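# Examining the three-dimensional arrangement
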Amino acid sequence: MPHLKRIAITGHTRGIGKELWNRLEDRGFELKGFSKSNGYNLMKVSTCKKVVKEAVEWNADAFINNAYVPGNQVRLLYLMYEQWQNKPRLIVNMSATSSDSITNFSQMGYSAEWTPYVSDKARLDWASLQLANMHKQGKCRVSLIKPGFVDTDSTAIFKDFAEDFMMTADSVAEQIEWLIDLKRHVQVRNLSFDVGNM
């Protein structure tokens, strides 16, 4: 069994979070999930604080900041890091390669309604990398994972033109599982991957 045994996951009932939950459950990890479906509305700041408090009190070894919550995914990162910065814990932040360039994102034909999503993910990238670059041996590790198109409910509108290079939610969950399995002295700041070019 890896040294990280207790894993807290936001958005654990759908998409990537659900696939990760299934993978880790099959391996005997202790899991705690935070999703709207089990009473955690992460759109509320008070709920974000509650999630962090419960994860800390539960003595989680890793926090998977998976659920996309406008504005609050960054908040969850900072709140959790404040609690764990001097402890040998792991925070994994789920971003997306679309955050690399809002300009390119628009030019690729996506609608303007996706701009807030891309902007939020870019903010998460910056915050995650800022904290990752402050890492000291034996302290909290912060990792950013940035997949390309993932076949989930939220990307169904892109399936007509993106199906050939969409990856499965399980393939992304596998990469997060790899991060969880790494030895404590290994710090992965940014894991960005895609299936192909458009």
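Let me begin by describing the structure that accompanies this report. (Residues numbered from 1 in each chain as written. Predicted model: local features only at pLDDT ≥ 70, side-chain atom pairs only at ≥ 80, totals over all residues. Heavy atoms only, no water.)

### Observations concerning the environment of Gly71
Topologically, Gly71 is positioned in the loop between strand 3 (62-65) and helix 3 (72-84). Residues Gly71 and Lys121, 50 residues apart in the sequence, show an inter-C-alpha distance of 9.2 Å. Setting aside residues no more than four positions away along its own chain, Gly71 makes contact with Asp120 and Arg123. (Helix = DSSP H or I, 4+ residues; strand = E, 2+ residues; numbered from the N terminus. Contact = heavy atoms within 4.5 Å.)

### Concerning the nonpolar core
Counting residues in each nonpolar core, the largest one holds 27 residues, and the members touching the most others are Phe63 and Ile91. At the level of secondary structure, the elements contributing two or more residues to this core comprise helix 2 (45-57), helix 3 and helix 5 (115-132). Ranked by residue count, the leading element in this core is helix 3, at seven residues. (Core = buried A, V, L, I, M, F, W, Y, C linked by side-chain atoms within 4.5 Å. Buried < 20%, exposed > 50% of the residue type's maximum accessible area, 1.4 Å probe, protein only.)

### Some points on the pattern of salt bridges
Counted under the stated rule, the structure contains ten salt bridges. Between Glu174 and Arg23 there is a salt bridge whose closest N-O contact spans 4.0 Å. Placement of the pair is Glu174 in helix 7 (residues 169-181) and Arg23 in helix 1 (residues 15-26), with a sequence separation of 151 residues. Residue classification places Glu174 among the partly exposed residues on the basis of a relative accessible area of 40%. Of the residues examined, Arg23 reaches a relative accessible area of 22% and is grouped as partly exposed. Close ionic contact of Asp120 with Arg123 constitutes a salt bridge, the shortest N to O distance being 3.0 Å. Of the two residues, Asp120 and Arg123 are both situated in helix 5; the distance of three residues between them amounts to about one turn of the helix. On the basis of relative accessibility, which here comes to 41%, the residue Arg123 falls in the partly exposed class. It is possible to trace a salt-bridge network through shared partners that takes in Arg23, Arg27, Asp170, Glu174, Glu177 and Asp181. (Salt bridge = Lys/Arg side-chain N within 4 Å of Asp/Glu carboxyl O.)

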